[in-house]
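Working through the structure, step by step
So the chains spell out like this:
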Number of protein chains: 2
Amino acid sequence: MRLAELSRRSGVSTATIKYYLREGLLPPGRQINPTTAEYDDGHLRRLRLVRAMIQVGGVPVATVREVLRNVDDPALGRTIRLGAALWALPQVPEPDEDDVFVQAAHREADELLDRLGWSNAKLLTTLSPAYRALVVAVATFRRLGYDWGSELLLSYARLMHEVAKLDLDLVEAQPSEAEKAETAVLGTVLTGPMLHALRRLAQEEESARRFGFE
Amino acid sequence: MRLAELSRRSGVSTATIKYYLREGLLPPGRQINPTTAEYDDGHLRRLRLVRAMIQVGGVPVATVREVLRNVDDPALGRTIRLGAALWALPQVPEPDEDDVFVQAAHREADELLDRLGWSNAKLLTTLSPAYRALVVAVATFRRLGYDWGSELLLSYARLMHEVAKLDLDLVEAQPSEAEKAETAVLGTVLTGPMLHALRRLAQEEESARRFGFE
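Residues numbered from 1 in each chain as written. Chains lettered and ligands numbered in written order. Predicted model: local features only at pLDDT ≥ 70, side-chain atom pairs only at ≥ 80, totals over all residues.

The next thing to look at is the overall build of chain A. The helix and strand inventory of chain A stands at 10 helices and two strands. For chain A, the α and β elements follow one another from N to C terminus as α-α-β-β-α-α-α-α-α-α-α-α. Per-residue burial over chain A gives 43% buried out of 214 residues. (Helix = DSSP H or I, 4+ residues; strand = E, 2+ residues; numbered from the N terminus. Buried ≥ 20, exposed ≤ 12 C-beta atoms within 10 Å, placed from the backbone.)

Have a look at this one:
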């Protein structure tokens, strides 16, 4: 398809598509003569992904470029490739390792991974921003004086494992490696707000069931 | 306890406590003489809640005041009281009701609530920001051209219902009505980032189990 059709089918203006091409967020089309390039379904898919990250996820252009470099790197194995793509997404602040609450949170997080039997995730703790985000969240809880117990954390983690299985089923159902990696990124950017909304709706439902509207 | 002890036990400076008192985020202490007020455990708890909302949740002072007004209103029944407290928290943009994707998302969300049997949540749809947030999330998916099917949404919603049951168990375990409402607010502000971190850790674990580190 030509640029105009790519624009029409994606809902992205030709000016914005040209900007993405210049910034390297979209690979060049196949030049069929000096003034015309031909684009394919891969371009359309990539355009949707870029738009989701920038417009919905609020991801900066430079970060989008880094995420895509990982998505496209055939030298990476699939777990690392998916992980590396996600790891480039915006992160929480780094934990302050001198803080006693952070040190205690590391112990609590490590013990949680042991109890869950998440041995693979445990191998990745020094690399993984998700692990650091968990440490920051647990340290914040404890610093504020809340002690809701490690059992609750364990129960939440088991439910999130079920969510992750759905996430990975969706990734596996994609036909190509590129689409698998793209779906992993999209899943995180787009479904986070959706899960949060569903949780709050479920809280309303459950609250009304237990307490009524009195 | 006196102001100095309240500051020491909460980790919040006396200057900040005085600011919260002036702004009405903390009820006045019991005046025991013209220059000295006495504070109790209720003040300590309220201070932690205010700090969690402002420092962790990034909630503006005016919004904190509105949340607390709902938390403290004995005229509200429990479901409405918890809901109203949460509904004052920062929201997603309002859906554009003239948009065809938003109109389709309303139908999809309503059908989802029917299939889930969430009849209470359905009664609240005209009031609930969580419902509007779901509509916005679904419309965004569809506008970007993704059709991941209503079955996936249903599966996610069922898991979030299990999460909400844990949330409500924690609320119910609190000894007083005030603490129940406070816990509902804290649960949403503090545990959102924690659940997101657990989901991403679970994705790493599950990805490594299915695909290895190749």
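In this assembly, 66 residues from chain A lie in contact with 66 residues from chain B. The set of elements that each furnish at least two residues to the side of chain A that touches chain B consists of α3 (41-56), α5 (78-87), α7 (119-123), α8 (129-143), α9 (150-172) and α10 (177-211) of chain A. Per element, the largest residue contribution to the side of chain A that touches chain B is 21 residues, and it comes from α10 of chain A. The class makeup of the residues in the side of chain A that touches chain B is 38 nonpolar, 14 polar and 14 charged. (Contact = placed C-beta atoms within 7 Å. Nonpolar A, V, L, I, M, F, W, Y, C, P; charged D, E, K, R; others polar.)

If you rotate chain A by 180° and push it 0.0 Å along the axis, it lands on chain B with an RMSD of 0.1 Å. Those values place the two copies in the arrangement expected of a two-fold rotation axis. Taking the C-alpha atom as reference, chain A places Leu-159 of chain A closest to the rotation axis, 3.3 Å from it. Most of the interface of chain A is mirrored in chain B: 100% of its interface residues are interface residues there too. (Least-squares fit on C-alpha atoms with pLDDT ≥ 70 in both.)

What follows deals with the pairing of strand β1 (residues 30-33) of chain B. All names here are of chain B. Pairing between β1 and strand β2 (residues 36-38): three bridges, direction antiparallel. Along β2, the bridge assignment pairs Gln-31 with Ala-37. The antiparallel pairing of β1 with β2 creates a hairpin that spans two residues between the two strands. (Pairing = 2+ DSSP bridges.)

As a further point, take the packing of helix α6 (residues 100-116) of chain A against α8 of chain A. Residues and elements named next belong to chain A. Axis separation between α6 and α8 bottoms out at 8 Å; the angle between their running directions is 120°. As the angle between them shows, α6 and α8 are arranged oblique. Seen along the crossing, α6 lies across α8 with a hand that is right-handed. Between α6 and α8, the residues in contact are Phe-101, Val-102, Ala-104, Ala-105, His-106, Glu-108 and Ala-109 and Tyr-131, Leu-134, Val-135, Val-138, Ala-139, Arg-142 and Arg-143, respectively. A class-by-class count of the residues in the contact of α6 with α8 yields 10 nonpolar, one polar and three charged. (Axes fitted to C-alpha atoms, helices over the stretch in contact; angles between N-to-C directions. Parallel < 35°, antiparallel > 145°, perpendicular 65-115°, else oblique. Left-handed = near helix turned anticlockwise from the far one by under 90°.)

Residue and element names in this part refer to chain A. Remark: helix α1 (residues 3-10) packs on α3, axes separated minimally by 10 Å, with the N-to-C direction vectors making an angle of 45°. Between α1 and α3, the angle is such that the two are oblique. Between α1 and α3 lies a crossing of right-handed hand. Contacts from Leu-6, Arg-9 and Ser-10 of α1 reach α3 at His-43, Leu-44, Leu-47 and Arg-48.

Each domain of chain A was delimited in the assignment, giving domain 1 (3-87) and domain 2 (100-211). Placing a centre on the C-alpha atoms of domain 1 of chain A and another on those of domain 2 of chain A gives a separation of 28 Å. (Domains from an automatic or database assignment.)

Here we take up the confidence of the model for chain A. For chain A, mean pLDDT is 85; residues scoring 70 or higher make up 92% of the total. Scoring the predicted complex yields pTM 0.84 and, for the interface, ipTM 0.84. (pLDDT = per-residue confidence, 0-100.)

Now for the environment of Arg-30 of chain A. Residue and element names in this part refer to chain A. Counting through the fold element by element, Arg-30 comes out in strand β1 (residues 30-33). Judged by C-beta crowding, with 11 C-beta atoms within 10 Å, Arg-30 ranks as exposed. Sequence separation between Arg-30 and Arg-2 is 28 residues, and the spatial gap between their C-alpha atoms is 10.0 Å. Those residues in contact with Arg-30, other than ones at most four positions away along the chain, are Ala-37 and Glu-38.

Below, the discussion takes up helix α3 (residues 41-56) of chain B. All names here are of chain B. For α3, which comprises 16 residues, the first-to-last C-alpha distance of 22 Å matches the rise-based estimate of 22 Å (1.5 Å per residue) to within 8%. Among all positions of α3, only His-43, Arg-46, Leu-47, Arg-48, Leu-49, Val-50, Arg-51, Ala-52 and Met-53 are buried. Looking at the buried positions of α3, the neighbouring elements they touch are α1 (3-10), α2 (14-22), α4 (61-71) and α10 (177-211). Looking one or two residues past α3, Gly-58 carries a phi angle of roughly 65°, positive in sign. (Expected span 1.5 Å × (residues − 1).)

This part takes up the environment of Ser-10 of chain B. Residue and element names in this part refer to chain B. Positionally, Ser-10 belongs in helix α1. When the 21 C-beta atoms within 10 Å are taken as the criterion, Ser-10 is described as buried. Residues Ser-10 and Arg-48 lie 38 residues apart in sequence; the distance between their C-alpha atoms is 6.9 Å. Sequence-distant contacts of Ser-10, that is, excluding residues within four places in its chain, are made with Leu-44, Leu-47 and Arg-48.

The residue Pro-193 of chain B is located in helix α10 in this model. For the pair Pro-193 of chain B and Ser-128 of chain B, spaced 65 residues apart in sequence, the C-alpha to C-alpha distance is 22 Å.

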